[in-house]
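# Topology and contacts: notes
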Amino acid sequence: MSATSPSFDSPEFRRALGRFATGVTIVTSSKADGSPVGLTVSSFNSVSLDPPLVVWSLSRGSSSLATFERCDRYVIQVLGADQMLLANKFARGSHAERFNGVPLTQAPNGTARLDMRCAAWFECFNRSRYDEGDHIVFVGQVEHCAHTEALPLVYHAGGYDLTPNMS
Ligand SMILES: Cc1cc2nc3c(=O)[nH]c(=O)nc-3n(C[C@H](O)[C@H](O)[C@H](O)COP(=O)(O)O)c2cc1C
């Protein structure tokens, strides 16, 4: 058995996917020479509680592909509602520009981590990678995690949800 060809075009697929709200993360790692790499990622999600597993996917066209294909570890930082500019910064430009003016520290797992208050962060050992379509799916086993009470940044329909929280 195989799937029938899609009954919709790519813009319709994107519009339908855009009705699903996600959080926004920045995934960081380090190259072999120690320099940091990082990009904005909204494909993050949970997979398993025991063992603690998370998933995210990276475009095959990414300039970070070689680093993430080789690295064992990365950090997933969940952005707070006030970190939209940071999300935009890590979605464009060179990696040097992205990290310019951004405080960095080293996570216990040895990987570059943003040294700033985020909503949460997950330090992961990469457990598996799958080639799927135009993306690579990464499943990470969480070695350390922490969170703050910051409200999360929310993304849907190609934009950030900046509606003030009414609670
Ligand atoms: C809100 C948002 C979510 C994104 N989510 C993803 C994602 O899940 N996977 C991905 O590969 N790119 C995602 N992108 C796009 C990358 O951040 C963007 O293409 C970036 O320039 C990739 O950089 P690189 O290819 O140099 O690593 C997202 C961008 C934004 C603004």
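Quantities reported herein were computed from a predicted structural model and do not represent experimental measurements. (Residues numbered from 1 in each chain as written. Predicted model: local features only at pLDDT ≥ 70, side-chain atom pairs only at ≥ 80, totals over all residues. Heavy atoms only, no water.)

### Things to note about the sheet that holds strand β9 (residues 120–132)
- The strand order β3-β2-β6-β9-β10-β5-β4 describes an open sheet built from seven strands, whose pairing is antiparallel. The strands lining the two open edges of the sheet, one partner per strand, are β3 (36–41) and β4 (45–48). Averaged over all adjacent pairs, the angle separating strand axes in this sheet is 35 degrees, with direction ignored. (Pairing = 2+ DSSP bridges. Helix = DSSP H or I, 4+ residues; strand = E, 2+ residues; numbered from the N terminus. Axes fitted to C-alpha atoms, helices over the stretch in contact; angles between N-to-C directions.)

### Things to note about the nonpolar core
- One finds Trp-56, Phe-68, Tyr-74 and Ile-76 to be the most contacted residues of the largest nonpolar core, which totals 21 residues.
- Elements supplying a minimum of two residues to this core: β3, β5 (53–59), α2 (65–70), β6 (73–78), β9 and β10 (135–147).
- For Ile-76, the residues in contact, after removing those within four places along its chain, are Thr-25, Ile-26, Val-27, Phe-44, Val-54, Trp-56, Ala-120, Trp-121, Phe-122 and Cys-124.
- Ranked by size, the runner-up nonpolar core spans 14 residues in total, among them Ala-107, Cys-118, Trp-121 and Leu-153. (Core = buried A, V, L, I, M, F, W, Y, C linked by side-chain atoms within 4.5 Å. Buried < 20%, exposed > 50% of the residue type's maximum accessible area, 1.4 Å probe, protein only. Contact = heavy atoms within 4.5 Å.)

### Concerning the side chain of Thr-67
- When you line up the elements, Thr-67 lands in helix α2.
- Residue Thr-67 is classed as buried on the basis of its relative accessible area of 12%.

### Brief notes about the pairing of strand β2 (residues 25–30)
- Burial analysis of β2 places five of its six residues in the buried class, the great majority of the element.
- Counted along the chain from β2 to the antiparallel partner β3, the turn is five residues long, and its residue Gly-34 has a positive phi close to 95 degrees.
- Sheet topology places β2 next to β6; four bridges connect them, and they run antiparallel. Residue pairing across strands places Val-27 opposite Ile-76, the latter belonging to β6.

### Quick notes on the sheet that holds strand β11 (residues 154–156)
- Judged by pairing direction, the sheet is antiparallel, and its three strands sit side by side in the order β1-β11-β12 without closing on themselves. Either end of the sheet is taken by a strand with one partner, and the two such strands are β1 (22–23) and β12 (159–160).

### Let's talk about the site of the ligand
- As a structural note, the neighbourhood of the ligand is formed by 18 residues, with Thr-40, Ser-43, Ser-59, Ser-63 and Ser-64 the closest of them.
- Contact distances for the ligand include 2.4 Å between an oxygen atom and a side-chain N or O atom of Ser-63.
- In this structure, Ser-64 approaches the ligand through a side-chain N or O atom, which is 2.3 Å from an oxygen atom.
- In isolation the ligand has 640 Å² of accessible area, and contact with the protein removes 78% of it.
- In this structure, the ligand is accommodated by the largest pocket.
- Those elements that place two or more of their residues in the shell around the ligand are β3, β5 and α4 (95–99).
- Its residues assigned to classes, the shell around the ligand shows seven nonpolar, nine polar and two charged. (Near = heavy atom within 4 Å. Polar contact = N/O pair within 3.5 Å; in protein donor to acceptor, adjacent residues only side chain to side chain. Areas by Shrake-Rupley, 256 points an atom, 1.4 Å probe, with all protein chains shown as cover. 1 Å grid on protein atoms, 1.4 Å probe; cavity = no way out; pocket = protein on both sides within 12 Å on 5 of 7 lines; lining within 4 Å. Sits in = over half its atoms within 2 Å of the grid points. Nonpolar A, V, L, I, M, F, W, Y, C, P; charged D, E, K, R; others polar.)

### A short note on the packing of aromatic side chains
- Tallied over the full model, the rule gives 10 aromatic pairs.
- On the basis of an interplanar angle of 80 degrees and a centroid distance of 5.5 Å, the ring pair of Trp-56 and Tyr-74 is categorised as edge-to-face. With Trp-56 in strand β5 and Tyr-74 in strand β6, this residue pair connects regions lying 18 residues apart in the sequence. Comparing Trp-56 with Tyr-74, the two get one shared label, buried.
- An angle of 90 degrees between the planes, with centres 5.0 Å apart, marks the rings of Phe-90 and Phe-99 as edge-to-face.
- Every member of this aromatic cluster is reached through a ring pair, and the members are Trp-56, Phe-68, Tyr-74 and Phe-138. (Phe/Tyr/Trp six-rings, centres within 6.5 Å; stacked < 30°, edge-to-face > 60°.)

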